[in-house]
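These are the residues of each chain, in order.
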Amino acid sequence: MTAIEGTFLVTNADDGSATLRNVADSQVLTLSDNPGVEAGEVVEGTVEPEPPMEVTYTVTEVAERRTIPVETVDLAPTAQTTEIAAEQAPGELTTVERAGEGEVHVLTVPEDETAEAATDVVEDEATLSRAARLGVDRVEVRTAAGVVSVRYLPD
């Protein structure tokens with residue numbers, strides 16, 4: 001096997017090892033030791049398999065380490081988001097590219113499940129993985145009755 005360069009989400013970490021997931025292809029890589037990373041961090045760098053079995057990896061280069069905050073904010077969804085949601089049935093999702101960097105996801109949910117849906121989005125590892133793949137700096141979740149807006153934003 002050869003070295004793998006990419007962006008990785010640290011899914012688990014303890015004193016002795018860590019588990020990374022490549023955000024480009026979802027490949028899971030177990031590190032034989034922990035180079036000081038914590039669960040929830042995003043690492044851009046290079047990992048290489050360790051001989052002879054090549055089932056565990058070691059980090060050989062770290063270009064960048066960062067965290068991406070995923071938070072619910074006390075702001076209403078934008079007018080564009082509200083219009084998109086009005087045209088969707090509950091359970092539907094629309095993805096809209098932002099001018100510049102990032103994207104916005106508009107989810108339509110039953111009104112009485114809005115808060116629960118927003119919490120699920122904030123706690124879902126897939127939200128953080130998508131943010132890392134998009135190269136954004138933060139994720140902002142906005143809600144209104146029956147609408148959850150997930151904004152992947154630059155700083």
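Structural data are supplied above this passage.
Everything numeric in this text was worked out from a predicted model, so none of it was measured. (Residues numbered from 1 in each chain as written. Predicted model: local features only at pLDDT ≥ 70, side-chain atom pairs only at ≥ 80, totals over all residues. Heavy atoms only, no water.)

(A) Expanded view of a negative patch on the surface. Residues Glu111, Asp112, Glu113, Glu116, Asp120, Glu123 and Asp124 make up a contiguous surface patch of negative charge. Within the secondary structure layout, Glu116 lies in helix H2 (residues 114-123). Accessibility expressed as a relative area gives 52% for Glu116, which makes it exposed. (Patch = residues over 30% accessible without salt bridge, like charges linked within 9 Å, V, L, I, M, F, W, Y side chains within 5 Å. Areas by Shrake-Rupley, 256 points an atom, 1.4 Å probe, with all protein chains shown as cover. Salt bridge = Lys/Arg side-chain N within 4 Å of Asp/Glu carboxyl O. Lys, Arg positive; Asp, Glu negative; His and termini not counted. Charge placed at Lys NZ, Arg CZ, Asp CG, Glu CD. Helix = DSSP H or I, 4+ residues; strand = E, 2+ residues; numbered from the N terminus. Buried < 20%, exposed > 50% of the residue type's maximum accessible area, 1.4 Å probe, protein only.)

(B) Molecular detail of the sheet that holds strand S10 (residues 147-153). Pairing is mixed across the open sheet formed by five strands, whose spatial order is S6-S9-S10-S8-S7. Every other strand in the sheet has two partners, leaving strand S6 (70-72) and strand S7 (93-97) as the edge strands with one partner each. Direction aside, neighbouring strands of the sheet carry axes that sit 20° apart on average. Note that strand S9 (residues 138-144) and S10 share seven bridges and pair antiparallel. Residue Thr143 lies in a different strand from S10, and its bridge partner there is Val148. Taken strand by strand, helix H3 (residues 125-134) contacts S6, strand S8 (103-108), S9 and S10, and its axis lies near 35° from that of S10. (Pairing = 2+ DSSP bridges. Axes fitted to C-alpha atoms, helices over the stretch in contact; angles between N-to-C directions. Contact = heavy atoms within 4.5 Å.)

(C) Highlighting the side chain of Thr19. Mapping Thr19 onto the fold places it in strand S2 (residues 18-22). Thr19 sits in the buried class, given a relative accessible area of 17%. Setting aside its immediate chain neighbours within four residues, Thr19 contacts Leu9, Val10, Thr11, Asn12, Val28, Leu29 and Thr30.

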